[in-house]
Amino acid sequence: MNRENLIKHLRDLPANRRVITALDVPGQDQALDLADQLGAGGGFVKVGLELFSAAGPEVVRQLVARDRNVFLDLKYHDIPNTVASAARQAAALGASFCTMHAAAGRSAITAAAEALAQAELPDGAVRPALLAITVLTSLSEEEISEVRPSSDNLDDSVQRLARLAWDCGCDGLVCSAADLPHLRQAVGPEPLVITPGIRMAGAATDDQHRVTTPRMAVDAGADFLVVGRPISQANDPAAALAAIAKDME
Ligand code: C5P
């Protein structure tokens, strides 16, 4: 599927399918248990570095077999051939999203996008969307200057990397709601944007410094929301997810 059609297909999903539940758990059993608790309304789940390091590709296969769309968040950052090969494997697993660092550079982003466009997919699967990370939101200005001394300020780096990733064929970007207006200014309305740091009004913020309600994130231009603890630690995860989806509408 070409980029335009894939973005349209994903953007047109109902709100409950545009909430991505982060499976921030240490093993397959806990992950499948949480995915099952989301019920029929739970669409996307995020498999990140912790769960993948513990449970490997089998947990992705199990989730896909349970009709979950998998956001495979392994943040590739390597040479073009390796990134493209990894993206191809994500497609073969049936993942719906995979992520890479835009800082891997033009050749690596282009190679990953081309690999996904041509990848062999499981029967009936849609190819994974390629999402780029610009600058990790956990980095302070001081830390950034330690790893990459430059005249660019943080906002300029985010905009420059976002433009690069979009020009090289990625389908979307990951960013906090606070940075969204800035990011949209750089790349316009077309790219998908996926936003973490979501809390319902008045809820505990945990260790997130800047949080946004689902409604505010959507109003700022987010297409998908990544939500962890507000769903995983709720007494009724399916109800928590439904409330978030309702707030988005
Ligand atoms: O529990 P909570 O909703 O805060 O979890 C948010 C999820 O989004 C976690 O998996 C976290 O790693 C991820 N994330 C984030 N902030 C970023 C990027 C990713 O919270 N800037």
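See the structure shown above.
Below, the structure is looked at part by part. (Residues numbered from 1 in each chain as written. Predicted model: local features only at pLDDT ≥ 70, side-chain atom pairs only at ≥ 80, totals over all residues. Heavy atoms only, no water.)

Structural notes on the overall build of the protein
For clarity, the cut-off: We count a stretch as a helix when DSSP gives it H or I for four or more residues in a row; a strand needs E for two or more, and each element gets its number in order from the N terminus. A radius of gyration in this sense is built from C-alpha atoms; the matching globule rule multiplies 2.2 Å by the number of residues raised to 0.38. Only protein chains enter the area calculation, which uses a 1.4 Å probe; residues under 20% of their type maximum are buried, those over 50% are exposed, and those in between are partly exposed. Whether two residues touch is decided by their heavy atoms; if any such pair falls within 4.5 Å, the residues are in contact. All accessible-area figures derive from a Shrake-Rupley calculation using a 1.4 Å probe, and residue coverage is judged against the displayed protein chains alone. In this count, Lys and Arg are taken as positive residues and Asp and Glu as negative ones, while His and the chain termini are left out. In this description, the location of a charge corresponds to atom NZ of lysine, CZ of arginine, CG of aspartate or CD of glutamate.
Helix and strand counts for the protein come out as eleven helices and eight strands. In terms of overall dimensions, the protein is globule-like: its C-alpha atoms have a radius of gyration of 17 Å, near the 18 Å expected for 249 residues. Projected onto the principal axes, the alpha-carbon positions of the protein cover approximately 50 × 45 × 35 Å. Scored against the burial criterion, the 249 residues of the protein give a buried share of 50%. Relative to all contacts within the protein whose residues are 6 or more apart in sequence, the contacts with residues 24 or more apart total 69%. Just so you have it, the protein exposes about 11500 Å², and 48% of that area is on carbon and sulfur atoms. Within the protein, the 32 negative side-chain charges are centred at a point lying 4 Å from the centre of the 22 positive side-chain charges.

Details of the sheet that holds strand E7 (residues 192-195)
Pairing between the strands of a sheet comes from backbone hydrogen bonds, and it takes one of two forms, parallel or antiparallel. To be explicit about the condition: One requirement defines pairing of two strands: DSSP has to find at least two bridges between them. Only the stretch in contact is used when fitting a helix axis, every axis being a line fitted to C-alpha atoms; angles between N-to-C directions are given from 0 to 180 degrees.
With parallel pairing, the eight strands of this closed barrel are ordered in space as E1-E2-E3-E4-E5-E6-E7-E8. Geometrically, the sheet is characterised by an average inter-axis angle of 25° between neighbouring strands, direction not taken into account. Pairing of strand E3 (residues 69-76) with strand E4 (residues 97-101), which is carried by three bridges, proceeds in the parallel orientation. Residue Tyr-76 lies in a different strand from E4, and its bridge partner there is Met-100.

Focus on the site of the ligand
Applicable threshold: Nearness here has a simple test: a residue counts as near a molecule or strand if at least one of its heavy atoms is within 4 Å of that partner. The definition of a polar contact used here is a pair of N or O atoms within 3.5 Å, where within protein one atom must be able to donate a hydrogen and the other to accept one, and adjacent residues in sequence count solely through side-chain atom pairs. A 1.4 Å probe that fits into a set of points on a 1 Å grid over the protein atoms alone but cannot get out defines a cavity; an open set with protein on both sides within 12 Å along at least five of seven lines defines a pocket, and lining residues are those with an atom within 4 Å of a point. A pocket or cavity is taken to hold a molecule when more than half of that molecule's atoms are within 2 Å of the pocket's grid points. Gly is put with the polar residues, along with every residue not named as nonpolar or charged; the nonpolar set is Ala, Val, Leu, Ile, Met, Phe, Trp, Tyr, Cys and Pro, and the charged set is Asp, Glu, Lys and Arg.
Around the ligand sit Ala-22, Asp-24, Lys-46, Thr-137, Pro-196, Arg-199, Gln-208, Val-226, Val-227, Gly-228, Arg-229 and Pro-230, and those are all the residues in its vicinity. Taking Arg-199, its side chain carries an N or O atom lying 2.9 Å from an oxygen atom of the ligand. Residue Arg-229 places a main-chain N or O atom 2.7 Å away from an oxygen atom belonging to the ligand. Coverage of the ligand by the protein chains reaches 77% of its 460 Å² of free accessible surface. The cavity that encloses the ligand is the largest pocket. If you list the elements that add at least two residues to the shell around the ligand, you get strand E8 (224-227) and helix H10 (229-232). The class makeup of the residues in the shell around the ligand is five nonpolar, three polar and four charged.

What about the packing of helix H4 (residues 80-93) against helix H5 (residues 106-118)?
Packed helices, taken two at a time, are described by the angle between their axes plus the distance between the axes. Heads up, the condition is: Oblique is the label for any angle not under 35 degrees, not over 145, and not in the 65 to 115 range, which are roughly parallel, roughly antiparallel and roughly perpendicular in turn. Crossings are classed by handedness, with left-handed meaning an anticlockwise turn of the near helix from the far one by less than a right angle and right-handed meaning a clockwise turn.
At a minimum axis separation of 8 Å, H4 and H5 run at an interaxial angle of 30°. Taken together, H4 and H5 sit at an angle that is classed as roughly parallel. Both H4 and H5 take part in a crossing whose hand is right-handed. Every residue of H5 that contacts H4 at Pro-80, Val-83, Ala-84, Ala-87, Arg-88 and Ala-91 is listed here: Ser-107, Ala-108, Ala-111, Ala-112, Ala-115 and Leu-116.

Quick notes on the packing of aromatic side chains
Selection criterion: Any two rings among Phe, Tyr and Trp, with Trp reduced to its six-membered ring, count as a pair given centres within 6.5 Å; such a pair is stacked if its planes are under 30 degrees apart, edge-to-face if over 60, and tilted if neither.
In this structure the tally under the stated criterion is four aromatic pairs. Ring geometry for Phe-71 and Phe-97: centres 5.4 Å apart, planes at 55°, overall tilted. Taken together, the residues Phe-71 in strand E3 and Phe-97 in strand E4 connect sequence positions 26 residues apart. Here the two residues Phe-71 and Phe-97 agree in accessibility, since each one is buried. Where Phe-97 meets Phe-224, the ring centres are 5.2 Å apart and the plane angle is 85°; that geometry is what we call edge-to-face. Placement of Phe-97 in strand E4 and of Phe-224 in strand E8 is noted, with a sequence separation of 127 residues between them. Both residues of the pair, Phe-97 and Phe-224, count as buried. Here a set of aromatic residues connected by ring pairs shows up, and it is made of Phe-44, Phe-71, Phe-97 and Phe-224.

Examining H5
Applied cut-off: In this scheme, a helix's expected span is set at 1.5 Å multiplied by one less than its residue total.
Here H5 contains 13 residues, and its C-alpha end-to-end distance of 18 Å stays within 8% of the 18 Å for a straight helix at 1.5 Å per residue. The set of residues buried in H5 consists of Ala-108, Ile-109, Ala-111, Ala-112, Ala-113, Ala-115 and Leu-116. Buried residues belonging to H5 abut H4, E4, strand E5 (129-133) and helix H7 (154-167).

As for unusual backbone geometry
Backbone geometry at Asp-67 places phi at a positive 70°, although glycine is not the residue there. Looking at where Asp-67 falls in the secondary structure, it is placed in the loop between helix H3 (49-65) and E3. Owing to a relative accessible area of 68%, Asp-67 belongs among the exposed residues under this scheme. Positive phi, close to 45°, is recorded for Lys-75, a residue that is not glycine. You can see Lys-75 is positioned in strand E3. Residue classification places Lys-75 among the partly exposed residues on the basis of a relative accessible area of 27%.

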